Structure formats: C-alpha cells, structure tokens
Amino acid sequence: MKFVAIALLAVAIAVAGCSRSRETAPKLVEITGNDEMKFDVTSFEVKPGQKVTVTLTNIGELPKEAMAHNWVLLEKGTDAAKLVAAGADHPETDYIPADQATHVLAKTKLVGPGDSDSITFTAPTAPGPYDYICSFPDHYAGGMKGVMTVTPSAK
C-alpha cells in the first residue's frame, strides 16, 4: 500500500511538471528609438494572455526635451492620431490625454538619450492587431509606430 501511494505521488509530480513546461514562456521584446523617430521593432507576436516585457531604449543623442521616446500599447480600435493630437498639450501625462488614458493598455515612461524603461503586462486575450506608438509630439506622424499581434500560434 505504501508503494502505491509513493507511485501515485510520483505520477502526480510528473504530471504537474509536464503541465508547467507547457505554460507560455514570457515574451521579452527589446526596442530602440532613435533621433529619426523610428522604432527598430515595428511588429511582434504574442499569445493570448502571455506575460510580455517590453524594454525601450533611446539610442539617440538629441536632448530629452526635443527627442524623448516612449512605447504606448493601445487598445484595439483606438484612433492613434486622435489620441496623439489631443495629448500634444499634456507633457505632464507623457502626452496622453486624461480622457483617453483608458485606451492605453501598457506604456513606458518617456526616456531621453541613453535611457531605457521596461513595462511588464499581460497580453490581451482577444486575437488581432494592437497598435503601439510613441506619444511624443510629431513622433507618431513621423512613423514611430508598430503592431503587436495577439495570435494563438505566436512564437
């Protein structure tokens, strides 16, 4: 009887270990922003509900007052141009207007040259594209944007 209990315990531990190994590993994304107002990563994929860490590094040389960058993940369907236009007069909130902050799923702080910031969040469960932008004035219009796609088959 003692042998059966030990065998059952061993099977339970093995099953638990196998199920843990199938869990989704965290997704680590490293993105740089430069003085040309571009992200070096303009698209990446994640699985629904996956933990994601995005690290943004400003590799530019211009002063923060002129060329700060952030990484802002928007709710699906958000009008990024409207959000950015409304935020232009709000440096105190990293150029994200308070009345549209609910459309922001995750964001880094604004970083100057040589600085970086990271944000860890859980990816949405709804599949599809989610835009990300830099909210500093004129950067979105200059092309500082990308897409995170939630897909069950993400790598």
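(A) Seen up close, the pairing of strand β2 (residues 43–46). Across the two faces of β2 the burial differs, with F44 and V46 buried and S43 and E45 not buried at all. Both β2 and strand β8 (residues 145–150) contribute to a ladder of four bridges, which runs parallel. Among the inter-strand pairings, S43 is bridged to a residue of β8, identified as V147.

(B) Structural detail: the side chain of N70. Tracing the backbone shows N70 in the loop between α2 (64–67) and β4 (72–74). According to the relative accessible area criterion, N70 is buried, its value standing at 0%. Here N70 is in contact with F39, L56, D94, T108, K109, L110, I133, C134, S135 and F136, once residues within four sequence places are set aside.

(C) Broad picture of the nonpolar core. The biggest cluster of nonpolar side chains holds 25 residues, and the ones touching the most others in it are I31, F44, W71, Y132 and M148. Per element, the largest residue contribution to this core is three residues, and it comes from strand β3 (residues 51–58). With residues near it in sequence (within four places) discarded, W71 still touches I31, F39, F44, V54, L56, A106, K107, T108, I119, F121, Y132 and I133. With nine residues, the next largest nonpolar core counts L74, A80, I96 and I133 among its residues.

Conventions and cut-offs
Residues numbered from 1 in each chain as written. Predicted model: local features only at pLDDT ≥ 70, side-chain atom pairs only at ≥ 80, totals over all residues. Heavy atoms only, no water. Buried < 20%, exposed > 50% of the residue type's maximum accessible area, 1.4 Å probe, protein only. Helix = DSSP H or I, 4+ residues; strand = E, 2+ residues; numbered from the N terminus. Pairing = 2+ DSSP bridges. Contact = heavy atoms within 4.5 Å. Core = buried A, V, L, I, M, F, W, Y, C linked by side-chain atoms within 4.5 Å.

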